[in-house]
Amino acid sequence: PADSSTQPAQPDQPAADASQQASDEPAGNVVTLKGNATVTRNGMTGPLKLQDEIFKGDILQTAKNATLGVTFNDDTTLNLSASSRVVVDNFVYQDGGKDNAALINVTRGTMAFVAAAVAKTGDMKIETPTATLGIRGTTGVVEVPENTDAAGKSANNVGVKLYPDADGKVGRIEVKARDGAPLGMLTQGASGYTVRGT
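Computed from a predicted model, the values in this text were never measured in an experiment.

Parameters and conventions
Residues numbered from 1 in each chain as written. Predicted model: local features only at pLDDT ≥ 70, side-chain atom pairs only at ≥ 80, totals over all residues. Heavy atoms only, no water. Salt bridge = Lys/Arg side-chain N within 4 Å of Asp/Glu carboxyl O. Buried < 20%, exposed > 50% of the residue type's maximum accessible area, 1.4 Å probe, protein only. Core = buried A, V, L, I, M, F, W, Y, C linked by side-chain atoms within 4.5 Å. Contact = heavy atoms within 4.5 Å. Helix = DSSP H or I, 4+ residues; strand = E, 2+ residues; numbered from the N terminus. Polar contact = N/O pair within 3.5 Å; in protein donor to acceptor, adjacent residues only side chain to side chain. Phe/Tyr/Trp six-rings, centres within 6.5 Å; stacked < 30°, edge-to-face > 60°. Pairing = 2+ DSSP bridges.

Visitor: Help me out: how do you make sense of the pattern of salt bridges in this one?
Guide: When the charged atoms of two side chains with opposite charge come close together, those side chains can pair. Under the definition given, this model contains seven salt bridges. The partner of D123 in a salt bridge is K125, and the shortest N-O contact between them spans 2.9 Å. Classification of K125 as partly exposed rests on a relative accessible area of 30%. Between E174 and R172 there is a salt bridge, and its shortest N-O distance comes to 2.8 Å.

Visitor: Please explain the nonpolar core as it appears in this structure.
Guide: Soluble globular proteins: nonpolar side chains tend toward being buried together. Among the nonpolar cores identified, the biggest contains 37 residues, and L60, F72, M111, F113, I126, I135 and I173 are the most heavily contacted of them. In this structure, F113 is in contact with T77, L78, I126, I135, T138, T139, G140, V141, V142 and I173, ignoring residues within four places of it in sequence.

Visitor: Where do I start with the environment of R108 in this structure?
Guide: Mapping R108 onto the fold places it in strand β9 (residues 101-114). Within polar-contact distance, the side chain of R108 engages the backbone oxygen of S83 at 3.3 Å.

Visitor: Sorry if this is basic, but what is going on with unusual backbone geometry here?
Guide: Residues other than glycine predominantly adopt negative phi, and peptide bonds predominantly adopt the trans conformation. The phi dihedral of N42 falls on the positive side, at around 55 degrees, and the residue is not glycine. Position of N42 relative to the elements: it lies in the loop between β2 (37-41) and β3 (44-47). Residue classification places N42 among the exposed positions, given a relative accessible area of 53%. Residues other than glycine seldom take positive phi values, yet Q51 does so here, at roughly 75 degrees. Structurally, the position occupied by Q51 is in the loop between β3 and β4 (53-54).

Visitor: In this structure, what is going on with the packing of aromatic side chains? I would like to understand it.
Guide: To describe a pair of aromatic rings, you give the distance between the ring centres and the angle between the ring planes. Scanning the model with the defined rule gives one aromatic pair in all. Aromatic pair F72 and F91: ring centres 4.4 Å apart, planes at 15 degrees, arrangement stacked. With F72 in strand β6 (residues 67-72) and F91 in strand β8 (residues 85-92), this pair connects stretches of sequence that are 19 residues apart.

Visitor: I keep staring at the side chain of T139 and nothing clicks. Help me out?
Guide: Mapped onto the elements of the fold, T139 is located in strand β12 (residues 139-144). A polar atom in the side chain of T139 sits 2.5 Å from the side chain of D165. Look past the residues within four positions of T139 in its chain and what remains in contact with it is F113, V114, K161, L162, Y163, P164 and D165.

Visitor: Any chance you could explain the environment of M111 here in plain terms?
Guide: Along the chain, M111 turns up in strand β9. In sequence terms M111 and V144 are 33 residues apart; their C-alpha atoms lie 8.7 Å from each other.

Visitor: Could you clarify how one ought to interpret the pairing of β6 in this entry?
Guide: As a general feature of sheets, a regular strand has side chains that alternate between the two faces. Along β6, five of the six residues are buried, which leaves the element largely enclosed by surrounding structure. Both strand β1 (residues 28-34) and β6 contribute to a ladder of six bridges, which runs antiparallel. Following the sheet pairing, T32 is matched in β6 by G69. The pairing of β6 with strand β7 (residues 77-80) spans four bridges and is antiparallel. Considered in β7, the bridge of L68 is made with L80. Counting the residues that bridge the hairpin from β6 to β7 gives four residues, and of these D75 lies at a positive phi of roughly 80 degrees.

Fair warning: the whole summary comes from geometry, so function is off the table for now.
What follows is the structure, encoded as structure tokens:
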């Protein structure tokens, strides 16, 4: 049939493989895991295990009493506490590259992070239902209360904390509303900012 000549079968390339390749190179991998965590990729959800690769677009979720640690290609680390949900919207890192960028969306739970090269050389953002955080080479924690809905309507407040890096330097976190309006700036170690619920 004419069809087969235009679309040759590729038996050595399973469909799942092709879809992973479509999402570029792995952005990072799982380095610590206690309890159960899942990844949703291309609409399919499955359990995460140690050393599993993480791709751009993945939705990471931890169960109750679970924790998950992910290290990205630039050495940025994310640590998710129990009952957390984080989307890796974007992660682009090339050593010396000009387009380095990361966008991590915390929709629920608590995520501690140690930002590395992307935050120092490119554009790293952490998004929450009520605010966007510009991360400038630093260590911090983002807390999104459980009952915050996608529109950011919540009686609870999103919390952001900034900590000194391992070398003692303190970066900064720029806090902006989802519409881009500046809300505040964290520049001192062990300082915090609360984005009030609506």
